[in-house]
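Overview (structure and organization)
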Amino acid sequence: MVHMIDPLDFSVEEVGALLDLAGRIEAEPKAYAQACAGKKLATLFYEPSTRTRLSFEAAMLNMGGSILGFSSADSSSASKGESVADTIRVISCYADICAMRHPKEGAPLRAAHYSRIPVINAGDGGHQHPTQTLADLMTIRKRKGTLDGLTIGLCGDLKFGRTVHSLIRALSRYAGIRFVLISPEELKVPEYVLNEAVRPRGIPYEETTSLEEALPRLDILYMTRVQRERFFNEEDYVRLKDSYILTGHKMRLAQPGMAVLHPLPRVNEIALDVDSDPRAAYFEQVQNGVYVRMALILTLLRLAEKGEASHA
Ligand code: CP
């Protein structure tokens, strides 16, 4: 049984194939309209979500499949104390594949141990968010034509931002990558992320507190929200929440070909006047999220050929 719990569960070649499939789906969505007919996706969301849950559901519906699930722990038997292990054993009787978001790091991995169906990590605490990474990679590849040789700036809450951790892990496998890590001292990338993904491969990286200083050197700027829900102390959140605000004025420092990404939701970290800048790619990322999740569902259910056959 193949799951997607960590971005590294798929090789670089497999990620490339998945992004290629997502591109074919984007080009000819009707070819995949019945590729999942008769299949069911369960969305098990113990934490709030707009994009991830709804894009998974849209992905399955786009391919003629069905959806079921819950969107909060309160509306499931988790509120009565049911474990993740028992929940996934039950869901394995109802669905063919599931996407799980959970506030506890490692919960989707635990689910995968007990599951009879593919489990997709839709975000676990401040740890990983591999399907957001697929949307990020597709967006970067479309904007820059490659995933190699790029200088990637990641800015904001690099400590709790699971999208940042997964993206660093995934990009660390491409040639000539450089990271510029822009954050307040308190919100730096955790050591384990650097130790597991960046340092062993000798990838150049620098840490800075200045967005303005870094901007002119970047091919990609990945902005992130300060993750209020992961703070123990509201005062710390209030002090740090507006550490970085990208504005149209600051964008004058950036290269003409730079792309601005953000996993969304945004709070205040990208001013509205950036939205009309052609370098703003964050709503493209949302759209790409549907294509990559369609491609991932097809791949995990071993149905990719079905869409390809009707495409031929
Ligand atoms: N990017 C992302 O994970 O958004 P949601 O929290 O709305 O799913």
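Conventions we followed
Residues numbered from 1 in each chain as written. Predicted model: local features only at pLDDT ≥ 70, side-chain atom pairs only at ≥ 80, totals over all residues. Heavy atoms only, no water. Near = heavy atom within 4 Å. Nonpolar A, V, L, I, M, F, W, Y, C, P; charged D, E, K, R; others polar. Domains from an automatic or database assignment. Axes fitted to C-alpha atoms, helices over the stretch in contact; angles between N-to-C directions. Helix = DSSP H or I, 4+ residues; strand = E, 2+ residues; numbered from the N terminus. Parallel < 35°, antiparallel > 145°, perpendicular 65-115°, else oblique. Left-handed = near helix turned anticlockwise from the far one by under 90°. Contact = heavy atoms within 4.5 Å. Pairing = 2+ DSSP bridges. UniProt positions renumbered as here; feature names shortened; annotations may be inferred. Buried < 20%, exposed > 50% of the residue type's maximum accessible area, 1.4 Å probe, protein only. Buried area = accessible area lost by both parts, 1.4 Å probe. Salt bridge = Lys/Arg side-chain N within 4 Å of Asp/Glu carboxyl O. Polar contact = N/O pair within 3.5 Å; in protein donor to acceptor, adjacent residues only side chain to side chain. Arc of directions from axis to C-beta. Core = buried A, V, L, I, M, F, W, Y, C linked by side-chain atoms within 4.5 Å.

Now for the site of the ligand. If you check the shell around the ligand, you find Ser49, Thr50, Arg51, Thr52, Arg101, His129, Gln132, Pro263 and Leu264 and nothing else. Taken together, the residues of the shell around the ligand sort by class into two nonpolar, five polar and two charged. If you count residues domain by domain, the shell around the ligand takes at least three from each of domain 1 (12-128 + 289-311) and domain 2 (130-285).

Here we take up the packing of helix H2 (residues 51-62) against helix H10 (residues 282-300). Closest axis-to-axis distance for the H2/H10 pair is 8 Å, and the angle between their directions is 55°. Overall, the two elements H2 and H10 adopt an arrangement that is oblique. Considering how the two elements wind past one another, H2 and H10 form a crossing that is right-handed. Residues Arg51, Thr52, Ser55, Phe56, Ala59, Met60 and Asn62 of H2 lie in contact with H10, whose contacting residues are Val286, Gly289, Val290, Arg293, Met294 and Ile297. Considering only residue class, the contact of H2 with H10 consists of seven nonpolar, four polar and two charged.

Let us look at the sheet that holds strand S1 (residues 40-45). As summarised here, the arrangement of the four strands in space is S2-S1-S3-S4, forming an open sheet in which the pairing is parallel. Looking at the sheet topology across the chains shown, the edges are occupied by strand S2 (66-70) and strand S4 (119-124). Within the sheet, the average angular offset between the axes of one strand and its neighbour, ignoring direction, is 15°. Sheet topology note: the S1/strand S3 (residues 97-102) ladder contains five bridges and is parallel. Of the residues in S3, the one forming a bridge with Ala42 is Cys98. Along the sheet, H2 contacts S1, S2, S3 and S4; its crossing angle with S1, the most-contacted strand, is approximately 175°.

Attention shifts here to the UniProt feature "binding site: carbamoyl phosphate" (unreviewed entry) in the protein chain. Here the UniProt-annotated "binding site: carbamoyl phosphate" (unreviewed entry) positions come out as Arg51, Thr52, Arg101, His129, Gln132, Leu264 and Pro265. The buried category is assigned to Thr52, whose relative accessible area is 3%. With sequence-adjacent residues up to four places away left out, Thr52 is seen in contact with Phe45, Arg101, Ala122, His129, Thr131 and Arg293. Pro265 sits in the partly exposed class, given a relative accessible area of 38%. Apart from the residues within four sequence positions on either side, Pro265 is in contact with Arg51 and Arg225.

You can see Ile5 is positioned in the segment before helix H1 (12-27). When the C-alpha atoms of Ile5 and Pro108 are compared, they prove to be 6.6 Å apart, with 103 residues separating the residues in sequence.

The subject of this paragraph is the domain arrangement of the protein chain. In terms of domain boundaries, the protein chain breaks down into domain 1 (12-128 + 289-311) and domain 2 (130-285). Once you take the C-alpha centre of each, domain 1 and domain 2 turn out to be 25 Å apart. Tallying the contact residues gives 29 residues for domain 1 and 24 residues for domain 2. Approximately 2,000 Å² of surface area, both sides summed, lies buried where domain 1 meets domain 2, with 54% of it carried by carbon and sulfur atoms. Summed over the shared surface of domain 1 and domain 2, the number is four salt bridges. Between Glu47 and Arg162 there is a salt bridge, and its shortest N-O distance comes to 3.2 Å. Scanning the region where domain 1 abuts domain 2 turns up 11 residue pairs in polar contact (both at pLDDT 80 or more).

This part takes up helix H4 (residues 107-114). Among all positions of H4, only Ala107, Pro108, Ala111 and Ala112 are buried. Taken end-on, H4 shows its buried residues confined to a sector of 145°, consistent with a single buried face. Residues of H4 that are buried in the fold lie against helix H3 (84-94), S3 and S4.

Bringing the nonpolar core into the picture now. Residues Leu137, Leu154, Ile168, Leu171, Phe179, Ile297 and Leu298 are the most contacted members of the largest nonpolar core, which totals 64 residues. Of the residues forming this core, the biggest block, nine residues, is contributed by H10. Split by domain, the residues of this core number at least three in each of domain 1 (12-128 + 289-311) and domain 2 (130-285). Those residues in contact with Leu137 that lie beyond four places of it in its chain are Val15, Leu19, Leu147, Leu167, Ala170, Leu171 and Tyr174. The next biggest cluster of nonpolar side chains, apart from the first, holds 20 residues, and it includes Ala214, Leu221, Ala254 and Val274.

Glancing now at the packing of H1 against helix H5 (residues 130-144). Axis separation between H1 and H5 bottoms out at 10 Å; the angle between their running directions is 75°. Here H1 lies roughly perpendicular to H5, going by the angle between them. Contacts between H1 and H5 involve Val15, Gly16, Leu18, Leu19, Asp20, Ala22, Gly23 and Glu26 from the first element and Leu134, Leu137, Met138, Arg141 and Lys142 from the second. Class assignment for the residues of the contact of H1 with H5 results in seven nonpolar, two polar and four charged.

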